[in-house]
Structures are given as C-alpha cells and as structure tokens.
Amino acid sequence: MANIKSQIKRNKTNEIDRERNRAVKSEIRTRAKSAVSAVGTENEEATLRLAVKRIDMAASKGIIHKNSAANKKSGLMKRIAKLREGADA
C-alpha cells in the first residue's frame, strides 16, 4: 500500500481508468459479435456501423492503439464478407 499522498490519488484514478477501459473493450467485443450475428438481417448495416464506430471511439480516446483498431475493423470486415459469401452460395 502506498504511503505517499500523490501515489494514493494516482492509484484511485488508475482504478477508475481500468474499469472504464475494461467496459469499453467488452463493449467492442459485444458489438463485433452482434455485427457478425446480424449478417443477413435487415439491421446488418446498422450493427456493423455501430461496431466500427465503437472501435474508432476507443482508438480516439486512447483505450486501444490506432493500429489495433485498424486490425479489429479489418478482421471484422473480412469475417462478415466471408459470411455474406457463404450465404450467397
């Protein structure tokens, strides 16, 4: 346990940041899963757009790195394209 006042304050803010980052990362995973499961439905476009928006917002806030966000979006698009291709065949 920290004895220094500034470190005690820093530990509190670190904990708050950790909880927020955890929630945002969890939401990104949830939105990606919902976008994949919505392939072939009428709200496919909206769920995909929302997933990409959440990834971009996390990158802009510094929760995930911008290259990590690009990789997540790329992987999501590839996965959805593959599902669309399989549905058409």
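Above this text you will find the structure in question.
Note that the structure is a prediction, hence the values are computed from the model and not measured.

J.: Could you give an account of the overall build of the chain, naming the residues involved and the relevant values?
T.: Tallying secondary structure elements over the chain gives three helices and zero strands in all. Its helices and strands in sequence order give the chain the pattern α-α-α, from N to C terminus. For 89 residues, the compact-globule estimate of 2.2 N^0.38 gives 12 Å, and the C-alpha radius of gyration of the chain, at 18 Å, exceeds that figure by more than 25%. The principal-axis extent of the C-alpha atoms belonging to the chain is close to 65 × 20 × 20 Å. When burial is assessed residue by residue, the chain has 21% of its 89 residues classed as buried. Residue pairs in contact within the chain that sit at least 24 positions apart in sequence constitute 56% of those at least 6 positions apart.

J.: Summarise the nonpolar core; cite the residues concerned and give the values.
T.: Counting nine residues, the largest nonpolar core is built from A32, A35, V36, V39, L48, A51, V52, L76 and I80. Only α1 (5–37), α2 (44–60) and α3 (66–88) provide two or more residues apiece to this core. In contact with V39, other than residues within four places in its own chain, are E44, I80, L83 and R84. If you look at the next biggest cluster of nonpolar residues, it comprises seven residues, including V24, A58, I63 and I64.

J.: Quick one: what's the story with the side chain of T47, residue by residue and with numbers?
T.: Among the structural elements, T47 can be located in helix α2. A distance of 3.0 Å separates a polar atom in the side chain of T47 from the backbone oxygen of E44. For T47, the residues in contact, after removing those within four places along its chain, are S34, A35 and A38.

J.: Help me get a handle on a positive patch on the surface, residues and values and all.
T.: Together, K25, R29, K33, K72 and R79 make up a positively charged patch on the protein surface. Those elements giving two or more residues to the positive patch turn out to be α1 and α3. If one sorts the elements of the positive patch by residue count, α1 sits on top with three residues. As for its position among the elements, K33 is in helix α1.

J.: So what's going on with the pattern of salt bridges? Residues and values would help.
T.: This model, assessed by the stated rule, comprises nine salt bridges. For D17, the salt bridge identified is with R20, shortest N-O distance 3.3 Å. Linking D17 with R20, this pair stays in helix α1, spanning three residues, or about one helical turn. Judged by its relative accessible area of 44%, R20 falls in the partly exposed class. Where E19 meets R18, a salt bridge forms, and the shortest distance between an N and an O atom there is 3.0 Å. Owing to a relative accessible area of 42%, R18 belongs among the partly exposed residues under this scheme. Counted as one network, the salt bridges with shared partners bring together E15, R18, E19 and R22.

Rules behind the numbers
Per chain, residues are indexed from 1 in the order of the written sequence. Only residues with pLDDT of at least 70 are given local features in this predicted model, and only at 80 or more are side-chain atom pairs given and counted; all residues enter the totals for whole chains, interfaces and linings. Excluding hydrogens and water, the side-chain figures rest on all heavy atoms present in the structure. By definition, any uninterrupted DSSP run of H or I lasting at least four residues is a helix, any uninterrupted run of E lasting at least two residues is a strand, and each is numbered from the N terminus. Values of the radius of gyration come from C-alpha atoms, whereas the globule rule sets the reference at 2.2 Å times the count of residues to the power 0.38. Only protein chains enter the accessibility calculation, which uses a 1.4 Å probe; a residue is then buried when its area is under 20% of its type maximum, exposed when over 50%, and partly exposed in between. The contact definition used throughout considers only heavy atoms, calling two residues in contact when any of these lie within 4.5 Å. Among the buried residues, those of types Ala, Val, Leu, Ile, Met, Phe, Trp, Tyr and Cys that are joined through side-chain atoms within 4.5 Å form a nonpolar core. Definition of a polar contact: a pair of N or O atoms within 3.5 Å, with one able to donate and the other able to accept a hydrogen when the atoms are protein atoms, and with sequence-neighbouring residues admitted only if both atoms are side-chain atoms. Only residues whose relative accessible area exceeds 30% and that take part in no salt bridge are eligible for patches, with like-charged residues grouped when within 9 Å of each other and nonpolar side chains (Val, Leu, Ile, Met, Phe, Trp, Tyr) grouped when within 5 Å. Each accessible area value is a Shrake-Rupley result obtained with a 1.4 Å probe; residue values ignore everything except the protein chains displayed when judging cover. Any carboxyl oxygen of Asp or Glu within 4 Å of a side-chain nitrogen of Lys or Arg constitutes a salt bridge here. Residues counted as positive are Lys and Arg, residues counted as negative are Asp and Glu, and His and the chain ends are not counted. The atoms used to mark charge sites are NZ of Lys, CZ of Arg, CG of Asp and CD of Glu.

This is a description of form; function is not addressed.
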